[in-house]
Amino acid sequence: MAKRELKKPEEVVKPDDTPKKVGTRQSEIEVMTTGDVSITKLVDYIIEQAYLMHASDIHIDPTEAEMDVRFRIDGVLATIFVLPKVLLNQVITTIKVHSGLRTDEHQAAQDGRFRVVIDKVPVDLRVSIIPAYHGENAVLRLLVSQLKALTLAELGLADRDKALVELYIRRPHGMILSTGPTGSGKTTTLYTLVQMLNTPNIAITTVEDPIEYSIGGITQIQTNAATGLTFAMGLRSILRQDPNIIMVGEIRDNETASIAVNAALTGHLLLSTLHTNDAATTLPRLLDMGIEPYLVASTVNIAIGQRLVRKLCPDCTVEYKMTEAEGKRLQAVISEKAWKSTKKFFVGKGCKACVNTGYRGRVGIYEVLEVKGEIRDLIVSKASSDAIRTAAIRLGMTTMLEDGFAKAGTGITSVAEVLRVIQE
């Protein structure tokens, strides 16, 4: 993987036009307003600004007349730069060179990655380039190579959910599944659990696509479709490596699900993710993959449903008085107990620190479904996800909506943000 320090002197390229003023999210930033622009410096500058603004992705989107550069900040895309279309080919070529991709290929999708160093911090960029109607489109995912060790509390788990997770990650076997749509923080949750379990007397092996963070002391395997190293094949091979704990990036198909269940039955603790809307849907989803109900009931320890919500900016948060109409709409989707327990609400007015969004950073909202007793009986009887969810709530499970509402009541986030994420 290529590794470069940013802002190296490079050959100057003279385009026909100069970059325009940046978008509304960072209107005070101006990009190289002179007539001579180094394309490599321009690309480096874009990457550096994305890093400094804590963006997770950079989108380079050509339109008919311009090139929009958008950053995904706290899960929301915003246009940061609007550049002249004449720079598109040079920018894409520079990214291809950094990523080791073919510069003469313009009609096929290409994937690559490279590394830069910003303020002495190595940052990996995962690159995807595809041909689009107005020219090639590029998306760069920023991955800080060294993952900060987070605690369950820092992830945002409430006391009850935190206690359940801590209980079941100490079990020697069974499955812990993190569920939610793309971008809901599932991988971060799994990495946090792996780091909590990572001790010299425990053998931990992972199979991932891709390996997003390097963790010392564990064996990490990257899937490779070209060589036939799929999740299922990797998991099958891992079982011959005498691991105590296995992490599978995602259960995508029947074969992977079947091997994962067998691993959990034979004395391994298995961590993985599933794409489902909530924790209760996880269990019928495994049945849909062909796993026998009694195997699901006896192997799954907990299912963690999650989303990420933006946190209110601490520099501009103010108390907010909800209108009567807003209160009635909210009461229709919130339990009476949760509604009565929350007296205050907050919003972010917007300031320079949060680029006038009112939000800065993200935190998880969760629901943790414990599989035991009545829940096991419902799984064996092939009950619907609604029936499982109703029983779990009666047995004490806090839903994601209620967890988000509780966080809104303490000023961590806003009600509008919770509803936006839940109802997406």
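Residues numbered from 1 in each chain as written. Predicted model: local features only at pLDDT ≥ 70, side-chain atom pairs only at ≥ 80, totals over all residues. Heavy atoms only, no water.

Participant: Can you break down the pattern of salt bridges residue by residue, with the values?
Facilitator: Counted under the stated rule, the structure contains 19 salt bridges. Put simply, Arg 160 and Asp 161 hold a salt bridge, and the shortest N to O gap is 3.0 Å. Judged by its relative accessible area of 32%, Arg 160 is partly exposed. Judged by its relative accessible area of 2%, Asp 161 is buried. With a closest N to O distance of 3.4 Å, Asp 209 and Arg 252 form a salt bridge. Within this pair, whereas Asp 209 is found in the loop between strand 9 (204–208) and strand 10 (219–222), its partner Arg 252 is found in the loop between strand 11 (245–248) and helix 7 (254–265), the two being separated by 43 residues in sequence. (Salt bridge = Lys/Arg side-chain N within 4 Å of Asp/Glu carboxyl O. Buried < 20%, exposed > 50% of the residue type's maximum accessible area, 1.4 Å probe, protein only. Helix = DSSP H or I, 4+ residues; strand = E, 2+ residues; numbered from the N terminus.)

Participant: Before we move on, can you summarise the nonpolar core with the specific residues and values?
Facilitator: Core analysis: the biggest nonpolar cluster contains 39 residues, and Met 175, Leu 283, Leu 369, Ile 375 and Ile 388 have the highest contact counts within it. Looking at this core, the element that brings in the most residues is helix 7, giving six residues. Excluding anything up to four places from it in sequence, Met 175 contacts Ile 251, Ala 260, Val 261, Ala 264, Leu 270, Thr 299, Val 300, Asn 301 and Ile 302. Ranked by size, the runner-up nonpolar core spans 36 residues in total, among them Ala 55, Ala 78, Phe 81 and Leu 83. (Core = buried A, V, L, I, M, F, W, Y, C linked by side-chain atoms within 4.5 Å. Contact = heavy atoms within 4.5 Å.)

Participant: Which residues make up the pairing of strand 4 (residues 76–84), and what values do they have?
Facilitator: As paired elements, strand 3 (residues 66–73) and strand 4 share eight bridges and run antiparallel to each other. Bridge pairing in strand 4 links Glu 66 to Pro 84. Counting the residues between successive antiparallel strands, the hairpin from strand 3 to strand 4 contains two residues, one of them, Asp 74, with a positive phi of roughly 55 degrees. (Pairing = 2+ DSSP bridges.)

Participant: Residue-level account of the side chain of Glu 105, with values.
Facilitator: On the secondary structure map, Glu 105 appears in the loop between helix 2 (88–99) and strand 5 (110–118). Look past the residues within four positions of Glu 105 in its chain and what remains in contact with it is Lys 96, Gln 110 and Glu 136.

Participant: Could you give an account of helix 8 (residues 279–288), with specific residues and numbers?
Facilitator: Those residues of helix 8 that sit buried are Ala 279, Ala 280, Thr 282, Leu 283, Pro 284 and Leu 286. Where helix 8 starts, the residue carrying a side-chain oxygen 3.3 Å from the main-chain nitrogen of Ala 280 turns out to be Asp 278. Trailing helix 8 by a residue or two, Gly 290 shows a phi angle of about 95 degrees, which is positive. (Polar contact = N/O pair within 3.5 Å; in protein donor to acceptor, adjacent residues only side chain to side chain.)

Participant: Any chance you could break down the packing of aromatic side chains for me, citing the residues and the numbers?
Facilitator: Per the counting criterion, the structure on display carries six aromatic pairs. Geometrically, the ring pair formed by Tyr 191 and Tyr 213 is edge-to-face, given 5.3 Å between the ring centres and 85 degrees between the ring planes. Linking Tyr 191 in helix 5 (residues 186–197) with Tyr 213 in the loop between strand 9 and strand 10, this pair joins segments that are 22 residues apart in sequence. Judged by relative accessible area, which is 15%, Tyr 213 ranks as buried. Joined through ring pairs, the aromatic side chains of Tyr 45, Phe 71 and Phe 81 make up one cluster. Lying across the ring of Tyr 359, Arg 310 places its NZ or CZ 4.1 Å from the centre. (Phe/Tyr/Trp six-rings, centres within 6.5 Å; stacked < 30°, edge-to-face > 60°. Lys NZ or Arg CZ within 6 Å of the ring centre and 35° of its normal.)

Participant: Help me get a handle on the packing of helix 1 (residues 39–52) against helix 2, residues and values and all.
Facilitator: Where helix 1 contacts helix 2, the axes come no closer than 9 Å and their chain directions differ by 75 degrees. By the angle class used here, helix 1 and helix 2 are roughly perpendicular. Residues Ile 39, Thr 40, Leu 42, Val 43 and Asp 44 of helix 1 form the contact with helix 2, whose participating residues are Gln 90, Val 91, Thr 94, Ile 95 and His 98. Each residue belonging to the contact of helix 1 with helix 2 can be placed in one class, and the counts come to five nonpolar, four polar and one charged. (Axes fitted to C-alpha atoms, helices over the stretch in contact; angles between N-to-C directions. Parallel < 35°, antiparallel > 145°, perpendicular 65-115°, else oblique. Nonpolar A, V, L, I, M, F, W, Y, C, P; charged D, E, K, R; others polar.)

Participant: Residue-level account of helix 14 (residues 400–409), with values.
Facilitator: Within an α-helix, residues lying three or four positions from one another point in the same direction, as the helix has 3.6 residues per turn. Helix 14 sits mainly inside the fold: eight of its 10 residues count as buried. Listed in full, the buried residues belonging to helix 14 are Met 400, Leu 401, Glu 402, Asp 403, Gly 404, Phe 405, Lys 407 and Ala 408. Residues of helix 14 that are buried in the fold lie against strand 13 (300–312), helix 10 (324–331), helix 11 (336–341), strand 15 (345–348), strand 16 (359–370) and helix 15 (415–422). Of the residues flanking the end of helix 14, it is Gly 411, one or two places downstream, whose phi is positive at about 85 degrees.

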